[in-house]
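Chain residues, written in single-letter form:
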Amino acid sequence: MNALPVRSTPALAALGLAALGLAATSVPVRAEAVTDSIARDLPGLMTIYQDLHANPELSYQEVRSAGIMAKAAREAGFTVTEKVGQTGVVAVLKNGEGPTVLIRADMDGLPVVEQTGLAFASKKRGTSTAGVESRIMHACGHDTHMTAWIETARLMAKRKSEWSGTLVMIGQPAEEVGTGAVSMLKDGLYQRFPKPDYTLAFHDSADLPAGQVGAAVGWALANVDSVDILVKGLGGHGAYPQATKDPIVLASAIVMKLQTLVSRETSPLDPAVVTVGSFHAGAKHNIISDQAKLELTVRSYSDETRAHLLDGIKRIARGEAIASGLPDNLMPDVSVKDPYTRATWNSPEFTQEAVADLKTRMGEANVVITPSVMGGEDFGEFRRADEDHIKSVIFWVGGADPQKLAAAKAGGPPLPSLHSPFWAPQADKVIASGSEALTLTALRLMPRK
Ligand SMILES: [Zn+2]
Ligand SMILES: [Zn+2]
């Protein structure tokens, strides 16, 4: 079974437009022509993609990737500035009066040992800015984003006669550590370069069939906080617990009580996550430890819910320590990592218009509204920098084999997710649909009058 219908041909698309009663003059772009251009360019794009995939770079070290993007944009006619926000790229194409549209691709890979078995699999190693050495993999698909960005830049440059306005295309560093967008903004992205009216991006998706485009209306991605709890105790002999304060028992109580923050203190209609992802304590069977360490990921959408969860974690940690009889000087240390990743908002009306438009151009079943997710992205920062003015959408573009995805959803073998060492999207479809969605949306937002 194939979850995707056959893409409509130009003739069928024209018929569809006629049936809708749309005159040819009301159609600013010939979508089928964009599709055709991409199909023709795809072999060359796959060469770029495979090269980027084989050569991933860690956050803030995307020098080679940035160079490839800068060169491509320069050759297409953009004015390019490099090293914005450390390794970021800003490519500007001014093309007359009209709105300013920003299109972003993120560039970094992850410290993951690739196990896809692909002929062009990464064998790269690197050392993070925190000093940790590892293998590197494009396990989040940012290589597909960069490739589609290059194609979008080329298409928009070739079609300058079809639009009017300013296009700002950015290659963003360090999405995976959550600070690259802010790094570019702090380096003067909106002062040194035209400030956008619209911000666009896409991310590949392991939950959509390859080539399908999706977008969430409203909250797209969540606030992401990392929290460390150091639970203190009084250590001693495992056979003499009465002489100790056991931090493992206390930390266990804290873990259990934390579950009530979401289940009992947060509205069932308000999404929230408190996950204890790491619990470390103790050295040996017969020693009661003097500390336990917990590491949490905390997710939310609204600022209020985020504040409630973070305050609640501190309250519960302290409350359980008091209940265990610990003295004041042994209260748990709760530290919330700064900075955190702020939730990404897809401007609702704007997103619905974008989806409706892409449906008419890419086919009804190829573009869908998707649910919000609790993953994180720093793309939302580009809108938050002027949130009363900027309208924004981040699309999902499916990368999963449609048949295997359908089987997995029917209870079959699960498929690899993003960040998995096995994540190998159908990159040609991601790149084709990603560049098509970005190009068509940008053309629609900057009509030639
Ligand atoms: Zn990622
Ligand atoms: Zn990503």
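Residues numbered from 1 in each chain as written. Chains lettered and ligands numbered in written order. Predicted model: local features only at pLDDT ≥ 70, side-chain atom pairs only at ≥ 80, totals over all residues. Heavy atoms only, no water.

Peer 1: Can you help me understand the UniProt feature "domain: Peptidase M20 dimerisation" (unreviewed entry) in the protein in this one?
Peer 2: As recorded in UniProt, the feature "domain: Peptidase M20 dimerisation" (unreviewed entry) lies at residues 225-320. With 36% helix and 33% strand, the stretch residues 225-320 has end C-alpha atoms that lie 22 Å from each other. (UniProt positions renumbered as here; feature names shortened; annotations may be inferred. Helix = DSSP H or I, 4+ residues; strand = E, 2+ residues; numbered from the N terminus.)

Peer 1: Is there a simple way to think about the packing of aromatic side chains in this case?
Peer 2: Aromatic ring pairs are described here by two measures, namely the spacing of the ring centres and the angle between the planes. The final tally for this structure, using the stated rule, is five aromatic pairs. A centroid spacing of 5.7 Å and a plane angle of 75° characterise the contact between Y49 and F120, whose relative ring orientation is edge-to-face. Here Y49 is found in helix α2 (residues 31-54), whereas its partner F120 is found in the loop between β3 (100-106) and β4 (125-127), with 71 residues between them in sequence. The class for Y49 is buried, based on a relative accessible area of 2%. Site record: aromatic cluster; members linked through ring pairs are W219, Y301 and W345. The side chain of R306 reaches across the aromatic face of Y340, ending 3.4 Å from its centre. (Phe/Tyr/Trp six-rings, centres within 6.5 Å; stacked < 30°, edge-to-face > 60°. Buried < 20%, exposed > 50% of the residue type's maximum accessible area, 1.4 Å probe, protein only. Lys NZ or Arg CZ within 6 Å of the ring centre and 35° of its normal.)

Peer 1: Even after reading the chapter, I still don't get the pairing of strand β7 (residues 198-209), so can you show me in this structure?
Peer 2: Each regular strand shows side chains that alternate between the opposite faces of the sheet. Burial of β7 is extensive: 10 of the 12 residues sit out of reach of the surface. By the bridge criterion, four bridges tie β3 to β7 in an arrangement that is parallel. Within β7, the residue paired with I103 across the bridge is L200. Bridge count for β7 against strand β18 (residues 391-400) is nine bridges, and the pairing is parallel. Residue pairing for β18: H203 is matched across the bridge by W396. (Pairing = 2+ DSSP bridges.)

Peer 1: Looking at this model, I keep getting lost on the domain arrangement of the protein. Mind explaining?
Peer 2: How big an interface is tends to be stated in terms of accessible area lost as the parts join. In terms of domains, the protein is made up of domain 1 (6-221 + 343-445) and domain 2 (223-336). Relative to domain 2, the C-alpha centre of domain 1 lies at a distance of 39 Å. With nine residues of domain 1 in contact, the opposing surface of domain 2 contributes 10 residues. Around 680 Å² of area is buried between domain 1 and domain 2 when both sides are counted, 62% of it from carbon and sulfur atoms. For the domain 1 face of the interface with domain 2, the top three residues by lost area are W219, A343 and M374, together amounting to 73%. Along the contact surface separating domain 1 from domain 2 lie zero salt bridges. Counting across the domain 1 and domain 2 interface gives three residue pairs in polar contact (both at pLDDT 80 or more). (Domains from an automatic or database assignment. Contact = heavy atoms within 4.5 Å. Buried area = accessible area lost by both parts, 1.4 Å probe. Salt bridge = Lys/Arg side-chain N within 4 Å of Asp/Glu carboxyl O. Polar contact = N/O pair within 3.5 Å; in protein donor to acceptor, adjacent residues only side chain to side chain.)

Peer 1: How should the environment of K359 be read in this particular structure?
Peer 2: In this structure, K359 sits in helix α9 (residues 348-362). Residue classification places K359 among the partly exposed residues on the basis of a relative accessible area of 21%. It is 9.2 Å that separates the C-alpha atoms of K359 and V213, two residues lying 146 residues apart in sequence. Excluding its chain neighbours within four sequence positions, the residues that come into contact with K359 are E364 and V367. Separated by 2.9 Å, the side chain of K359 and the backbone oxygen of V367 make a polar contact.

Peer 1: What's the story with the coordination of the zinc ion (ligand 1) in this structure? I'm lost.
Peer 2: Geometrically, a metal with four donors at the corners of a regular tetrahedron has ideal angles of 109.5 degrees, and one with six donors at the corners of a regular octahedron has ideal angles of 90 or 180 degrees. Protein coordination of the zinc ion (ligand 1) is provided by C140 (SG), E176 (OE), E176 (OE) and H419 (NE2), with donor distances spanning 2.0 to 2.6 Å. Geometry at the zinc ion (ligand 1) is irregular, judged from the four donor atoms that bind it and their angles of 55 to 150° at the metal. Read in sequence order, the donor residues for the zinc ion (ligand 1) give the motif C-x35-E-x242-H. In this structure, the zinc ion (ligand 1) lies 3.1 Å away from the zinc ion (ligand 2), the two metals sharing C140 as a donor. Of this pair, E176 sits in the loop between β6 (165-172) and α5 (180-186) while H419 is found in the loop between α11 (402-409) and α12 (427-445), placing the two residues 243 residues apart along the sequence. (Donors = N, O, S within 2.8 Å, 3.2 Å for Na, K, Ca; no water. Tetrahedral: all angles 85-135°; square planar, octahedral: opposite > 155°, others 65-115°.)

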